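Listed here are the chains, written in short residue letters.
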Amino acid sequence: MPARKRLNSLGFVFRPMKRTGKQVWESLIVGKPNTVLYPYHKLNLPPTYRGKHTLDFKKCIGCANCVQICPNDCMWMEKLDDPELGKIERPGIDMGRCLFCGFCVEVCPTVALHETVEFELASGDRDKIRFGPKELRDDSYAERIVEERQKRAVPVLDLDKCTGCEKCAGECPEMCIAMMPIESVGKLKPEIALPKCTACEKCVVACPEKALTMKDMYESYFEMPEPKFILKNCTGCSACAKACPADAIYMMDMPGTERILKDGKKSKPKKRAVFVMEKCVGCGKCFRACKFQSIEMPGVKK
Amino acid sequence: MNLFTFSYGIIHWLVDLVNHLWYWLGDLLPWEFGDFFDDVGRFAASDAHITVMAILVEVLIIVIIALVNVLNFIWIDRKFMGRMFDFYGPYYVGYRIGGWLQNLADGIKLFVKEIITPAKADKLGFLLGPIIFVGSSFLALSTIPLGRDFGISTNASGAGVPGSALIAFAFFAIAPFSILICGWSSNNKYTLIGGLRSAAQMMSYEIPMLLTVASVFLMAGSFNFTEIVDAQHDVWFAIPLFLGFIVFLVCLVAEVEIQPFDLPEAEAELVEGWTTEYSGMRFGLFMMTSYLRGYIGGALATALFLGGWHGPALIPDPIWFLIKAYIVFVIIEWMRWSVPRVRVDQLLNIGWKRLMPLAMLNLLIAASLKTLGWF
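Residues numbered from 1 in each chain as written. Chains lettered and ligands numbered in written order. Predicted model: local features only at pLDDT ≥ 70, side-chain atom pairs only at ≥ 80, totals over all residues.

Bringing the overall build of chain A into the picture now. Across its full length, chain A carries nine helices and 13 strands. Looking at chain A as a whole, 21% of its 302 residues qualify as buried. In chain A, once contacts between residues fewer than 6 apart in sequence are set aside, the share between residues at least 24 apart is 73%. (Helix = DSSP H or I, 4+ residues; strand = E, 2+ residues; numbered from the N terminus. Buried ≥ 20, exposed ≤ 12 C-beta atoms within 10 Å, placed from the backbone. Contact = placed C-beta atoms within 7 Å.)

Here we take up the overall build of chain B. Helix and strand counts for chain B stand at 14 helices and zero strands. Starting at the N terminus, the α and β elements of chain B follow one another as α-α-α-α-α-α-α-α-α-α-α-α-α-α. Its C-alpha atoms give chain B principal-axis dimensions of about 80 × 60 × 45 Å. Buried residues in chain B amount to 41% of all 375 residues. The contacts of chain B with a sequence gap of at least 6 include a subset with a gap of at least 24, amounting to 75%.

Attention now moves to the sheet that holds strand E2 (residues 75-82) of chain A. Residues and elements named next belong to chain A. An order of E2-E3-E5 is seen for the three strands of this open sheet, with the pairing classed as antiparallel. Because the sheet does not close on itself, it has two edges, and the strands there are E2 and strand E5 (130-131). Direction of pairing for E2 relative to strand E3 (residues 86-94): antiparallel, over a ladder of eight bridges. Each residue of the ladder has a partner; that of Lys79, found in E3, is Glu89. (Pairing = 2+ DSSP bridges.)

Further remarks concern the interface of chain B and chain A. With 10 residues of chain B at the contact, the number on the chain A side is 12 residues. Of all the secondary structure elements, the ones that give two or more residues to the side of chain B that touches chain A are helix H3 (47-84) and helix H13 (317-338) of chain B. A total of four residues in the side of chain B that touches chain A trace back to one element, the largest contributor, which is H13(B). Looking at the side of chain B that touches chain A, its residues break down into seven nonpolar, one polar and two charged. (Nonpolar A, V, L, I, M, F, W, Y, C, P; charged D, E, K, R; others polar.)

Attention shifts here to the packing of H3(B) against H13(B). Pairs of packed helices are described in terms of their axes, by the angle between the two and the distance that separates them. Residue and element names in this part refer to chain B. Remark: H3 packs on H13, axes separated minimally by 10 Å, with the N-to-C direction vectors making an angle of 40°. As the angle between them shows, H3 and H13 are arranged oblique. Viewed along their axes, H3 and H13 form a crossing whose handedness is right-handed. Across the interface between the two elements, Asn69, Phe73, Ile76, Asp77, Phe80, Met81 and Met84 of H3 pack against Leu322, Phe329, Val330, Glu333 and Trp337 of H13. Residue composition of the contact of H3 with H13, by class: nine nonpolar, one polar and two charged. (Axes fitted to C-alpha atoms, helices over the stretch in contact; angles between N-to-C directions. Parallel < 35°, antiparallel > 145°, perpendicular 65-115°, else oblique. Left-handed = near helix turned anticlockwise from the far one by under 90°.)

Further remarks concern the domain arrangement of chain A. Parsing chain A into structural domains produces domain 1 (53-144), domain 2 (151-219) and domain 3 (222-302). Here the C-alpha centre of domain 2 of chain A lies 33 Å away from the C-alpha centre of domain 1 of chain A. (Domains from an automatic or database assignment.)

All names here are of chain B. Backbone geometry at Asp86 places phi at a positive 70°, although glycine is not the residue there. The topology assignment puts Asp86 in the loop between H3 and helix H4 (102-112). Of note, the phi angle at Asn187 is positive, near 60°, even though the residue is not glycine. Take Asn187: it is sitting in the loop between helix H7 (175-185) and helix H8 (189-220).

Structural data, given as structure tokens:
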């Protein structure tokens, strides 16, 4: 590093004056000062700014993952009666306790929650910064912003239509579809290894029953807990299927379990739950709904 | 028509008007009061009374001009400093006129605030310090003319007071004395250090300043502002005495105690120095007076070095004078917000080792120019 030029006492005066004079030229004559006159002018905030939340009612499935992950416990689920969507559950946020960490936005499996650039939330009344789902609702927000999250297309199975014909498994070039027997039902179900899938859509085209459809999945930063099914405890009450927000649980008949009743007729066969893991969002609602310890979910609180 | 005859005419007209009413009132009352009414009316119409009142009107005009200039100076200072540091400066109070009313708003705020006298302070000195400071600064205005016909010290003949520049400098130099009184009587270590620093600073900077002024007196051959300015009709003294002008400006900054030399009221080390204990409008007066001294300094530099009111006749003389004073003030402010504060030893070094020889050299140049007969 070369030695700095030695200044005489006039240089000590004139060099700073040159610098400040340049600043005055820039901020008074040519342009404007750097200050933003806040209440009248506002900064152009980046789209990733974490401000007040918005909620897309049509995308939200009411899985309550956001409520579970909230570190400040400032969200809650509210039961609503929507004219379009029927009886639904949607989250509300208490902005007085929110720390704007953005976990709820990141964990949302359908990207229904967003954080906007709106930051003027102060109010004299605490109740006015508790935003219920209706105050957060903005169904068109997602169309207006550029989506930041990674998403990819993935084939998703509708088990009601599937006949177990193995055509999809034969078609898959990556060999990522395997036909697995469902225990004590006697049917085969294609299980798709999602890490291998390249979204070539050949299985979707090949399916004669149109049971496979391509769907956009969002990659989450969080590890998703998976439900473990214990068959011997299951009574076939279908409480888990009703609780599941993503329709990932199907109730299927188990053949050979019909009992002969006193009048000689056969009863209906017992049912069991079948999980389609591509649809699962890991919310743990089935685990909480099950009263017979038939579902285990490590890492989820009861 | 100069300022004196103008105000004399105003007072004469007013006295005539009031005397008409006065005699009409006297006619209404019983005849025993007649003598009294006659005496009062005759005294009011006498030349001595009208002259004194005319001088009072002159003082009023000059002081109002000075105070308006002080408001402008504070505004320029804040606005210029803001733009220099890349922010807006005063903006919202008086939005249409660039935040000019902010000073008035601050003044009203200072009026409303409580004036606190410390329990252990010397009450007389504490009260007397601001009075001397403000009074002497206003008195320094008394002999500075804004134009050939526009000053307090002009009489009917138009000639100024002989030695008016000496009087202005004498009043200008009283202030450090009052600062020392303030610092001592506040009974606070910071104020005391500030006052003593002010005394040291005045000691070391008054001498080079007066030496440069002496060179101007030598060149002009007079102590009178009017004659000094008239001597600069062809060439401003700032051109042959450029060295002296620079020395004068630096000494002026030190005398007015603004930024590179604001050791007596150093904010960081002495918590506003000798003004620490003053609150409310007393502090406001100090602040206003420091800007008034800035205006006086600009006016002195203009009258002594920059040709006073000389300029193209398109603009009236007093306006020329004010324009030059404003330019000097802006340059001082520019230096103020660019340069860091000097240390005490550096201050004395600059004063005695640099400016003093330069002032002597300047005096030598002035003497040789005068001897050669060029001026």
